[in-house]
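Chain and residue survey
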Amino acid sequence: MAEWLDDFFFTYETLIHGIGVHGLLALSMYCVMAVGQLSLGQAAFMGLGAYTGALLTLKLGLPFYVVLPASAFVPALIALLIGGPTLRLSGVYLAISTVGLGEVLRVIYINFESLTGGALGLSGIPMKASVSLIYALLLIALIMFWAVGRSRIGRAMEAMREDEVAAGVMGINVPVYKLGALIVSAMLAGIAGCLAAHSSSFIGPNEYGFETAVTILSFALLGGIGTPLAPVLGALVLTALPEVLRPLADFRLVINGMIIVVAILFLPRGVLPLRLRRSA
Amino acid sequence: MTTLLTVDSLSKSFRGVHAIRDASFDVTAGKVHGIIGPNGAGKTTLFNLISGLLEPTSGTVSLNGKDISALPPYARTQLGMARTFQNIRLFSEMTVIENVLTGMHIQLHTPFWRTLVPFAGAEEKQAKAKAAELLELVGLADKALTRSASLAYGEQRRLEIARALASDPKILLLDEPAAGMNPLETQDLAVLLKKLNERGITLLLVEHDMRFVMDLCDQITVLNFGKVIAEGEPAEIRSNSAVIEAYLGPKVAERLLKEASA
């Protein structure tokens, strides 16, 4: 029994890590979308967390319990800086401007060779992110989102998502809520990035570009954003799917893409279209 | 007779269109003040300027003597202003009572960390009790847990009023509250608004239904092409030649006035 479990674990360790990390990224996306914003900057925040974490571990040899909070702090700081000017934008315009952030960072990673290892990236990162740590953090994040979602804060967020103008008239400080959501989402993405870096031993500058940003967005699109669990479920499906479809060999990406398209067409509110219940 | 809201030489142009031109009037505390005018007179624009959804090109809006022209809508709500919308803007996925609770946002202060502890605090309980009272007042008590999008039209209008009242406003702005209502619903609405006024809430309303306005308002401001063309009590407005002309054209106005004096 235990041997069978060990085998399974050994074979799918990367996948299990991946699902947990993607779950955190999905929650980071959820946090932004929960206030009605669309960001494609989550990959950039993830990259910031990954590089911050990897550099602190490799160059300074700091313990992981210092590295992890630091890799949440740096993206949060950047979110605070870019939040002011970008959050005046809405809809696709915010999405486009946040894509820009990812591209700027990518160029910095490539050209700041002495620190970031340039195009070769950073390797030999110690595997400090255990499965239990990743899933414990995911669980804590989920519970926190759930609790906050049920409170007056969650109500205000849902109001903004439904009708920003009316939410403002209700006395909700819309800009502050938007900025807060962006900062929290950046922290989560940073933590996910740091965990990913410390579970794959290598990071490179091209891992956090546009493609990753869209993948993170698709977690929330597929799962839905009615409850915090929905995007995590989306991440689970989209991360596990390529493995499940492995027998299809070269066709699996086609099927993968088709499943996403079909899901979005026929399940516009996600595979888990429920709404967060508040006892009233 | 204290002035609660002052609109002073307010103007708003959208490129070449002068939607509001140099409008000035005062709203007295405790009164029901109506704004009327033909279609396109600028009534909704004026409302949006007062509630902060639009920025004036020039002029000021003051609440309780404090210039609020530059404040965003949420800050005006914190100072005691609430409004409803002509085209109903409820949070349609939320339940009826959640809409009212959202309107109570500025009064709730449970800190972030406290929300992480299960079992909501006393504040949320009190808020729910107050929300239930407001629903009782507008006659929606039995619909508290209904999804608000599934309410009938008249009910949605009343829910908007309950949601606006939830912030405990000093002044409530109502943008065509009777629009689309049948005569019976309009009557009920008039009763409700009178009740609110008796509770000390100043009302400022835009409305097309003349009987409703004349019956309810203490003071009326008439807009035409963005300008204030008349102001006074309902009786004065009814016999004001400029007002009749704005609504019915100069020929009819002349005839009516002749008939009246004959």
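Residues numbered from 1 in each chain as written. Chains lettered and ligands numbered in written order. Predicted model: local features only at pLDDT ≥ 70, side-chain atom pairs only at ≥ 80, totals over all residues. Heavy atoms only, no water.

Here we look at the overall build of chain B
Threshold: Strands are runs of DSSP state E lasting at least 2 residues, helices are runs of H or I lasting at least 4, and numbering of each runs from the N terminus. Every radius of gyration here is taken over C-alpha atoms, with the globule rule written as 2.2 Å times N^0.38, N being the number of residues. To sort residues, take the accessible area from a 1.4 Å probe on protein chains only and compare it with the maximum for the residue type: under 20% means buried, over 50% means exposed, and anything in between is partly exposed. Should any heavy atoms of two residues lie within 4.5 Å, those residues are considered in contact. The Shrake-Rupley method, run with a 1.4 Å probe, gives the accessible areas here. Residue values count only the displayed protein chains as cover. Here Asp and Glu are counted as negative and Lys and Arg as positive; His is not counted, and neither are the chain ends. A charge is said to be at NZ when it belongs to Lys, at CZ for Arg, at CG for Asp and at CD for Glu.
Counting its regular elements, chain B contains 11 helices and 10 strands. Against the 2.2 N^0.38 benchmark of 18 Å for 262 residues, chain B shows a C-alpha radius of gyration of 20 Å, consistent with a compact globule. Judged by the C-alpha coordinates and their principal axes, chain B covers about 75 × 40 × 35 Å. Taken over 262 residues, chain B has a buried fraction of 51%. Contacts in chain B between residues at least 24 apart in sequence constitute 65% of all its contacts with a sequence separation of at least 6. Surface exposure of chain B reaches about 12100 Å², of which carbon and sulfur atoms provide 53%. Across chain B, the mean location of the 28 positive side-chain charges is 3 Å away from that of the 30 negative side-chain charges.

Quick notes on the sheet that holds strand 2 (residues 17-28) of chain B
All names here are of chain B. Here is the rule: Two strands pair under a simple rule: DSSP has to find at least two bridges between them. An axis is simply a line fitted to the C-alpha atoms; with a helix, the fit covers only the stretch in contact. Between two such axes, the angle follows the N-to-C directions and lies from 0 to 180 degrees.
In space, the 4 strands of this open sheet follow the order 2-1-4-5, with antiparallel pairing throughout. Each edge of the open sheet is held by one strand with a lone partner, namely strand 2 and strand 5 (66-67). Both strand 1 (residues 3-14) and strand 2 contribute to a ladder of 8 bridges, which runs antiparallel. When the sheet's bridge partners are listed, Leu10 is paired in strand 2 with Ala23. Against the sheet, helix 1 (residues 43-51) engages strand 1, strand 2 and strand 4 (58-63), with an angle of about 120 degrees to strand 1.

Here's the deal with the domain arrangement of chain B
Note on interface size: it is often stated as the accessible area lost on association of the parts. All names here are of chain B. Basically, it comes down to this: Where each domain starts and ends comes from a domain assignment, either automatic or drawn from a database. Put simply, buried area is the surface a 1.4 Å probe can reach on two separate parts but cannot reach once they are joined, added for both. Here, a salt bridge means any side-chain nitrogen of Lys or Arg that lies within 4 Å of a carboxyl oxygen of Asp or Glu. Under this definition, polar contacts are N or O atom pairs within 3.5 Å; protein pairs additionally need one hydrogen-donor-capable and one acceptor-capable atom, and for neighbouring residues in sequence, both atoms have to be side-chain atoms. Under the convention adopted here, Pro, Cys and the residues Ala, Val, Leu, Ile, Met, Phe, Trp and Tyr are nonpolar, Asp, Glu, Lys and Arg are charged, and Gly plus all remaining residues are polar.
The domain boundaries assigned to chain B delineate domain 1 (1-80 + 169-262) and domain 2 (92-167). Look at where the C-alpha atoms of domain 1 and domain 2 centre, and you get two points 28 Å apart. Together domain 1 and domain 2 conceal approximately 1200 Å² of surface at their shared face, both sides included; 75% is due to carbon and sulfur atoms. Seen at the junction of domain 1 and domain 2, the total is 0 salt bridges. Between domain 1 and domain 2 we count 2 residue pairs in polar contact (both at pLDDT 80 or more) in total. Every element with two or more residues in the side of domain 1 that touches domain 2 is listed here: helix 2 (73-78), strand 7 (171-175) and helix 7 (183-198). The element contributing the most residues to the side of domain 1 that touches domain 2 is helix 7, with 6 residues. Looking at the side of domain 1 that touches domain 2 residue by residue, the class counts come to 11 nonpolar, 3 polar and 5 charged.

A look at the nonpolar core
Residue and element names in this part refer to chain A. The following threshold applies: In these notes, a set of buried Ala, Val, Leu, Ile, Met, Phe, Trp, Tyr and Cys residues joined through side-chain atoms within 4.5 Å is what counts as a nonpolar core.
Core analysis: the biggest nonpolar cluster contains 86 residues, and Val21, Leu27, Phe45, Ile172, Leu195 and Ile203 have the highest contact counts within it. Of all the elements, helix 9 (residues 174-200) adds the most residues to this core, at 14 residues. Not counting chain neighbours up to four residues away, the residues in contact with Leu195 comprise Val21, Leu24, Phe64, Leu68, Ala129, Leu133, Ile134 and Leu137.

Here we look at helix 11 (residues 229-244) of chain A
Residues and elements named next belong to chain A. For clarity, the cut-off: Residue count minus one, scaled by 1.5 Å, sets the expected span of a helix.
Over its 16 residues, helix 11 runs 22 Å from end to end, which matches the ideal 22 Å to within 8%, given 1.5 Å per residue. Those residues of helix 11 that fall on the buried side of the exposure criterion are Ala230, Pro231, Val232, Gly234, Ala235, Leu238, Thr239, Ala240 and Leu241. Buried positions along helix 11 lie against helix 1 (2-33), helix 6 (131-150), helix 10 (210-223) and helix 12 (252-266).

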